[in-house]
Amino acid sequence: MPGRIPLALTRPGSRGRPNEDAVRVGPGWAVVVDGAGVPARFRGGCSHTVEWYSTRLADHLAQGLAQALGTSTSDLRTVLAHAIDQVRAHHSESCDLDSGSPSATVALFLLSGATLHHLVLCDASVLVASNDGRVERHTDLRIDAAVASGRLHHQQLVARGLDPDEASRHSNDHIEALRNHPGGFWCAQADPAVAEKALMGSWPLAEVETVMACSDGITRAVDMLDLHSDATLLEAACTDPEALLDSIRSAEVLRKGQGKLHDDATLA
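Residues numbered from 1 in each chain as written. Predicted model: local features only at pLDDT ≥ 70, side-chain atom pairs only at ≥ 80, totals over all residues. Heavy atoms only, no water.

### Here we look at the pattern of salt bridges
Move 1: Tallied over the full model, the rule gives 10 salt bridges.
Move 2: Three or more residues joined by partner-sharing salt bridges are found here, namely Arg11, Glu242 and Asp246. (Salt bridge = Lys/Arg side-chain N within 4 Å of Asp/Glu carboxyl O.)

### Quick notes on the packing of helix 3 (residues 142-159) against helix 4 (residues 164-176)
Move 1: At a closest axis distance of 8 Å, the pairing of helix 3 and helix 4 adopts a crossing angle of 150°. By the angle between their axes, helix 3 is roughly antiparallel relative to helix 4. Considering the relative orientation of helix 3 and helix 4, their crossing is right-handed. Taking contact as the criterion, the partners of Ala146, Val147, Ser149, Gly150, His153, His154, Leu157 and Val158 in helix 3 are, on helix 4, Pro164, Ala167, Ser168, His170, Ser171, His174 and Ile175. (Axes fitted to C-alpha atoms, helices over the stretch in contact; angles between N-to-C directions. Helix = DSSP H or I, 4+ residues; strand = E, 2+ residues; numbered from the N terminus. Parallel < 35°, antiparallel > 145°, perpendicular 65-115°, else oblique. Left-handed = near helix turned anticlockwise from the far one by under 90°. Contact = heavy atoms within 4.5 Å.)

### Let's talk about the layout of surface pockets
Move 1: Volume-wise, the second largest pocket comes out at about 390 Å³.
Move 2: If you trace the second largest pocket, you find 17 residues lining it, with Arg4, Pro6, Leu7, Thr210 and Val211 closest to the centre.
Move 3: Looking at the lining of the second largest pocket, the element that brings in the most residues is strand 9 (residues 208-214), giving four residues.
Move 4: Grouping the amino acids of the lining of the second largest pocket by side-chain chemistry returns 13 nonpolar, two polar and two charged. (1 Å grid on protein atoms, 1.4 Å probe; cavity = no way out; pocket = protein on both sides within 12 Å on 5 of 7 lines; lining within 4 Å. Points joined across faces, edges and corners; volume = space filled by probe spheres on them. Nonpolar A, V, L, I, M, F, W, Y, C, P; charged D, E, K, R; others polar.)

### Quick word on the pairing of strand 5 (residues 115-121)
Move 1: Among the seven residues that make up strand 5, six are buried, leaving the element largely enclosed by the rest of the structure.
Move 2: Summarising the sheet, strand 4 (residues 104-112) and strand 5 pair through seven bridges and their orientation is antiparallel. Looking across to strand 5, one finds that Ala107 is bridged to Val120.
Move 3: Linking strand 4 to strand 5, which pair antiparallel, is a turn of two residues; within it Gly113 sits at a positive phi near 65°.
Move 4: Of the strand pairs in this sheet, strand 5 and strand 8 (residues 199-204) are connected by six bridges, and their pairing is antiparallel. Residue pairing across strands places His117 opposite Ser202, the latter belonging to strand 8. (Buried < 20%, exposed > 50% of the residue type's maximum accessible area, 1.4 Å probe, protein only. Pairing = 2+ DSSP bridges.)

### Some details on the sheet that holds strand 3 (residues 29-35)
Move 1: Read from one edge to the other, the open sheet built from five strands follows the order 2-3-4-5-8, with strand pairing classed as antiparallel. The two strands at the open ends of the sheet, each matched to only one other strand, are strand 2 (21-26) and strand 8. On average, each strand axis in the sheet is tilted by 10° relative to the strand beside it, whichever way the strands run.
Move 2: Lying on the sheet, helix 2 (residues 76-91) is in contact with strand 4, strand 5 and strand 8; it crosses strand 5 at an angle near 45°.

### Points about the packing of aromatic side chains
Aromatic ring pairs are described here by two measures, namely the spacing of the ring centres and the angle between the planes.
Move 1: Taken as a whole, this structure holds zero aromatic pairs when the rule is applied.
Move 2: Note that Lys197 overlies the ring of Trp186, its terminal NZ or CZ placed 4.9 Å from the centroid. (Phe/Tyr/Trp six-rings, centres within 6.5 Å; stacked < 30°, edge-to-face > 60°. Lys NZ or Arg CZ within 6 Å of the ring centre and 35° of its normal.)

### A short note on helix 7 (residues 241-254)
Move 1: With 14 residues, helix 7 ought to run about 20 Å at 1.5 Å a step, and its terminal C-alpha atoms sit 20 Å apart, in line with that.
Move 2: Within helix 7, burial applies to Pro241, Leu244, Leu245, Ile248, Arg249, Ala251 and Glu252. Each buried residue of helix 7 sits inside an arc of 165° when the element is viewed along its axis, so together they form one side. Turned more than 90 degrees off the buried face of helix 7, the exposed positions are Val253 and Leu254.
Move 3: Along its buried surface, helix 7 packs onto strand 1 (9-11), helix 5 (216-223), helix 6 (230-239) and strand 10 (265-267). (Expected span 1.5 Å × (residues − 1). Arc of directions from axis to C-beta.)

### Some words on the environment of Val253
Move 1: Within the fold, Val253 resides in helix 7.
Move 2: Note on Val253: relative accessible area 55%, which makes it exposed.

### Quick word on helix 6
Move 1: Within helix 6, burial applies to Leu233, Leu234, Ala236 and Ala237. Projection of helix 6 onto a plane perpendicular to its axis shows the buried side chains occupying an angular sector of 160°, all on one side. For helix 6, exposure combined with an orientation more than 90 degrees from the buried face picks out Glu235 and Thr239.

The analysis is restricted to geometry; functional conclusions fall outside its scope.
This is the structure we're talking about:
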């Protein structure tokens with residue numbers, strides 16, 4: 001495994017719209033960045049797009065992971081903090097980042113010596129299959145509580161007679177107020193200090209059969225579409241990733257409910 005370059009696949013949610021996910025891979029490492037598709041008013045201080053942010057963050061994370069490969073380091077939070085700081089430097093002089101900027105979720109893994117290290121920030125995921133058949137999924141679920149709180153806020157506002165569109169605006173404000181704040185959720189944006197909130201873990205490499213980093217456009221096959229378990233999702237990704245994405249798109253069309261119909265989907 002240490003010398004292998006992971007397979008990478010990404011597909012935009014809709015034709016004619018930019019893919020706000022980014023993926024980079026190298027021998028012994030991979031990173032997936034999922035740009036946050038929030039209303040433009042929440043990034044009003046910045047002239048750059050979500051795609052611009054996720055692409056550059058992925059580039060700098062790739063540089064950091066390539067440099068860490070083969071060393072004794074397992075400090076992936078430092079790699080993430082440095083990448084966020086580098087992206088900030090690209091536009092801190094031209095943009096008012098205190099008034100809002102693009103943000104993203106991150107999932108990555110690195111083979112260092114005899115150990116597999118992984119990091120997740122927000123709702124991107126790392127799935128690890130061990131050679132005894134176990135599959136573990138690592139996802140930062142703190143955003144789920146924020147989204148649930150926003151939905152409850154929306155329901156309460158509508159129940160009080162507020163127009164549903166206006167209620168949606170207020171509930172989005174409610175969720176945004178929880179971004180990168182204590183008691184809320186954490187994602188990559190302009191402050192490198194959020195890297196300290198990322199979740200990390202490690203596995204003895206001898207126990208690892210397969211590892212995958214992916215955006216929530218992939219894990220919605222488990223969480224939203226009822227197509228897979230974590231184990232069968234990882235198996236499908238390894239067997240025929242294009243077919244996996246096709247099945248997700250077909251199930252999205254049939255699904256009814258809240259949330260965006262299609263999402264950018266990326267795996268490594």
